[in-house]
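Chain residues, written in single-letter form:
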Amino acid sequence: MCKVTFKIPEHVGNGAAMAHVVGEFNDWSTSATPMKRLKKGAFSTTLELEKGRSYQFRYLLDGSRWENDPDADDFLRTPFGNSYNSVIRL
């Protein structure tokens, strides 16, 4: 297992009241993995994930706004139109 910190930068999270990380590691649950809001508007959470895998994920802000991680290892097109998921490789 490997500890991974997911962080939404201030310029992306600023103005949001809440955020969740949503991905393959939590069965794409929009409520299972809330993130902690930091002082200047960023959000963060740390998860333990299995090494040797890659995971697709996105951030959900205020229950309606989807954002990608600007520091992701890759981006893959979703099956839902012209959007992309962030990818992390461990």
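To start, this report covers the structure provided alongside it.

## Observations concerning the overall build of the protein chain
Turning to step 1, where the next piece is worked out: Helices and strands together make up the secondary structure of the protein chain, namely one helix and eight strands.
Turning to step 2, where the next piece is worked out: Ordering the α and β elements of the protein chain from the N terminus gives β-α-β-β-β-β-β-β-β.
Turning to step 3, where the next piece is worked out: For the protein chain, the C-alpha radius of gyration of 12 Å lies close to 12 Å, the compact-globule estimate for 90 residues.
Turning to step 4, where the next piece is worked out: Dimensions along the principal axes, computed over C-alpha positions, put the protein chain at roughly 35 × 30 × 20 Å.
Turning to step 5, where the next piece is worked out: Burial status across the protein chain gives 40% buried among its 90 residues.
Turning to step 6, where the next piece is worked out: Per element, the accessible surface of the protein chain, about 5,500 Å² overall, is 48% carbon and sulfur.
Turning to step 7, where the next piece is worked out: If you average the places of the 12 positive and of the 11 negative side-chain charges in the protein chain, the two averages end up 6 Å apart.

## Focus on the sheet that holds strand β3 (residues 36-37)
Turning to step 1, where the next piece is worked out: In space, the three strands of this open sheet follow the order β1-β4-β3, with antiparallel pairing throughout. Edge strands, defined here as strands with exactly one partner in the open sheet, are β1 (2-8) and β3.
Turning to step 2, where the next piece is worked out: As judged from the two bridges shared by β3 and strand β4 (residues 43-49), these two strands associate in the antiparallel manner. From the neighbouring strand, Lys36 faces β4, where its bridge partner is Ser44.

## Describing the pattern of salt bridges
Turning to step 1, where the next piece is worked out: A complete count under the given rule lists two salt bridges for this structure.
Turning to step 2, where the next piece is worked out: A salt bridge links Asp74 to Arg89; the shortest N-O distance between them is 3.0 Å. One end of the pair, Asp74, is in strand β7 (residues 74-77); the other, Arg89, is in strand β8 (residues 84-89), with 15 residues separating them in the sequence.
Turning to step 3, where the next piece is worked out: Taking the relative accessible area as the measure of exposure, Asp74 reaches 27% and is therefore partly exposed.
Turning to step 4, where the next piece is worked out: Classification of Arg89 as partly exposed rests on a relative accessible area of 47%.

## Digging into unusual backbone geometry
Turning to step 1, where the next piece is worked out: Residue Asp27 is not a glycine yet carries a positive backbone phi of 55°.
Turning to step 2, where the next piece is worked out: One non-glycine residue, Asp62, lies in positive phi territory at about 55°.
Turning to step 3, where the next piece is worked out: Relative to the helices and strands, Asp62 is located in the loop between β5 (54-61) and β6 (65-67).

How each quantity is defined
Residues numbered from 1 in each chain as written. Predicted model: local features only at pLDDT ≥ 70, side-chain atom pairs only at ≥ 80, totals over all residues. Heavy atoms only, no water. Helix = DSSP H or I, 4+ residues; strand = E, 2+ residues; numbered from the N terminus. Rg over C-alpha atoms; globule rule 2.2 N^0.38 Å. Buried < 20%, exposed > 50% of the residue type's maximum accessible area, 1.4 Å probe, protein only. Areas by Shrake-Rupley, 256 points an atom, 1.4 Å probe, with all protein chains shown as cover. Lys, Arg positive; Asp, Glu negative; His and termini not counted. Charge placed at Lys NZ, Arg CZ, Asp CG, Glu CD. Pairing = 2+ DSSP bridges. Salt bridge = Lys/Arg side-chain N within 4 Å of Asp/Glu carboxyl O.

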